[in-house]
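What the coordinates show
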Amino acid sequence: VPFLRILGIETSCDETAAAVVERDAEGHSNVLSDVVLSQLDEHSAYGGVVPEIAARAHVEALDELIAEALKRANVSLDEVDAIAATSGPGLIGGLLVGLMTGKAIARAAGKPLYAVNHLEGHALTARLTDGLAFPYLMLLVSGGHTQLILVRGVGQYERWGTTIDDALGEAFDKTAKLLGLPYPGGPAVERMARDGNADRFDFPRPLVGEARLDFSFSGLKTAVRQAAQDIAPLSDQDVADICASFQKAISRTLKDRIGRGLQRFKTEFPAPGEEPALVVAGGVAANLELRATLQALCDKNGFRFVAPPLHLCTDNAVMIAWAGLERMATGAAPDTLDVQPRSRW
Ligand code: KG4
Ligand code: ZN
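Quick caveat, the model's predicted, so the values are computed rather than measured.

Taken together, 19 residues lie near ligand 1, and Gly143, Gly169, Gly186, Gly283 and Asn287 sit nearest. Elements supplying a minimum of two residues to the shell around ligand 1: helix H5 (168-178) and helix H6 (185-193). In terms of residue count, H6 provides more of the shell around ligand 1 than any other element does, four residues in total. Across the shell around ligand 1, the residue classes break down as six nonpolar, 10 polar and three charged. Three or more residues apiece are contributed to the shell around ligand 1 by two domains, here domain 1 (4-128 + 312-329) and domain 2 (134-310).

Residues Ala19, Val20, Ala69, Ala84, Met138 and Ala321 are the most contacted members of the largest nonpolar core, which totals 105 residues. With 11 residues, helix H8 (residues 236-268) is the largest single contributor of residues to this core. Two domains each put at least three residues into this core: domain 1 (4-128 + 312-329) and domain 2 (134-310). Discounting residues that sit within four places of it in the chain, Ala69 has contacts with Leu7, Ala18, Ala19, Val20, Ser33 and Val35.

Moving on: the domain arrangement of the chain. One frequently used descriptor of interface size is the decrease in accessible area upon assembly of the parts. Per the domain assignment, the segments making up the chain are domain 1 (4-128 + 312-329) and domain 2 (134-310). Contact residues are listed per partner, giving 14 residues for domain 1 and 22 residues for domain 2. Secondary-structure elements contributing two or more residues to the side of domain 1 that touches domain 2 are helix H4 (118-130), helix H10 (310-313) and helix H11 (318-329). It is H4 that provides the largest number of residues to the side of domain 1 that touches domain 2, a total of five residues. A breakdown of the residues in the side of domain 1 that touches domain 2 according to their chemical character gives six nonpolar, six polar and two charged.

Of all nine residues in strand S2 (residues 15-23), nine are buried, a share of seventy percent or more. Judged by which residues are buried, S2 turns out to be covered on both faces: Glu15, Ala17, Ala19, Val21 and Arg23 on one side and Thr16, Ala18, Val20 and Glu22 on the other are all buried. Note: strand S1 (residues 4-10) against S2, seven bridges, orientation antiparallel. Counterpart to Leu4 in the pairing with S2 is Arg23. Counted between consecutive antiparallel strands, the loop separating S1 from S2 contains four residues. With nine bridges connecting them, S2 and strand S3 (residues 29-38) associate as antiparallel partners. Looking across to S3, one finds that Arg23 is bridged to Ser29. Where S2 hands over to S3, the hairpin turn is made up of five residues, of which Gly27 adopts a positive phi near 90°.

The omega torsion of the bond from Gly88 to Pro89 falls at -15°, within 30 degrees of zero and hence cis. Within the fold, Pro89 resides in the loop between strand S4 (82-88) and helix H3 (92-109). A cis geometry characterises the amide bond from Tyr183 onward to Pro184, with omega recorded as -5°. You can see Pro184 is positioned in the loop between H5 and H6. The backbone of Asn74 sits at a positive phi, close to 60°, despite the residue not being glycine. Of note, the phi angle at Leu207 is positive, near 70°, even though the residue is not glycine.

Conventions and cut-offs
- Residues numbered from 1 in each chain as written.
- Chains lettered and ligands numbered in written order.
- Predicted model: local features only at pLDDT ≥ 70, side-chain atom pairs only at ≥ 80, totals over all residues.
- Near = placed C-beta within 6 Å.
- Helix = DSSP H or I, 4+ residues; strand = E, 2+ residues; numbered from the N terminus.
- Nonpolar A, V, L, I, M, F, W, Y, C, P; charged D, E, K, R; others polar.
- Domains from an automatic or database assignment.
- Core = buried A, V, L, I, M, F, W, Y, C linked by C-beta atoms within 7 Å.
- Buried ≥ 20, exposed ≤ 12 C-beta atoms within 10 Å, placed from the backbone.
- Contact = placed C-beta atoms within 7 Å.
- Pairing = 2+ DSSP bridges.

Next comes the structure, spelled out in structure tokens:
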């Protein structure tokens, strides 16, 4: 295995990020720097990410963030082996900023460029943090994605399930909004839920019991809206009870959906080399109740539950640098400079 050191760039949503990651000949990896600038303050007044604002903020911040990432890593551009930049999926304005910057640096410094799929970054993070071996299952739950993915190898992914409507983080955000809680909604709902009665409302658990591994959350959101309207004006206790009941419905849903995914994994890989594993990633992975649900489910099914540290579960450039490194290590050819960003991928 050659020694590799990669500069990563991430601009697909509302985080501007740059990082340097390396792996030595023995396979030991090191995060040399991990710089993230969240645009949360710029978007919170609008109750969500505004694409135009996001793109402009990336333009303003990215150059300095990259310089900062190199400085903190104590390396010059000459000392990195390649540039990895997110090329999709995501908001097209942000993707353009990050990918074009990556191309310009690659061209100017004479380094190869790896255009990385953002989801691949999330999918491979557990190999950096926990040295996980292939194959494993990954549940990605963020503001934009809800997917259950079989990770077979670098560049080998099978989507086993996805949401047919809202992403899970989106369901949290929309529920918070209609309850008058601040953006982003996930942490606010979780906080309120602690003091609530989870048995007060019997919210729907979409697709529970179905053989397919997809998710659906828009009906849940509608049921929350209906319940809130029925008992308005809402007291703090009402809000807490709704939040707790909402989270319980989601826990039950995940238990069913992911439980089926674990069973399918066992059927497809009856004799894996090591203990099978489920990795969770995305901002919703911060939710302690959902974590506990997944942990219990894994314990029951003989799976190892892997939750990388939160700053590597949410959007960051370490995962992009790492995905580029993994691709480079397989000997895969880099991308050419005419590679285009892909909003949907
Ligand atoms: O991965 P992420 O930081 O950004 C992207 O969506 O790419 O995820 C953000 C999402 C938001 O929808 C936010 O409400 C949700 O993660 N979230 C949570 C919690 N913390 C953040 N959802 C539930 N419980 C939480 N504690
Ligand atoms: Zn993400």
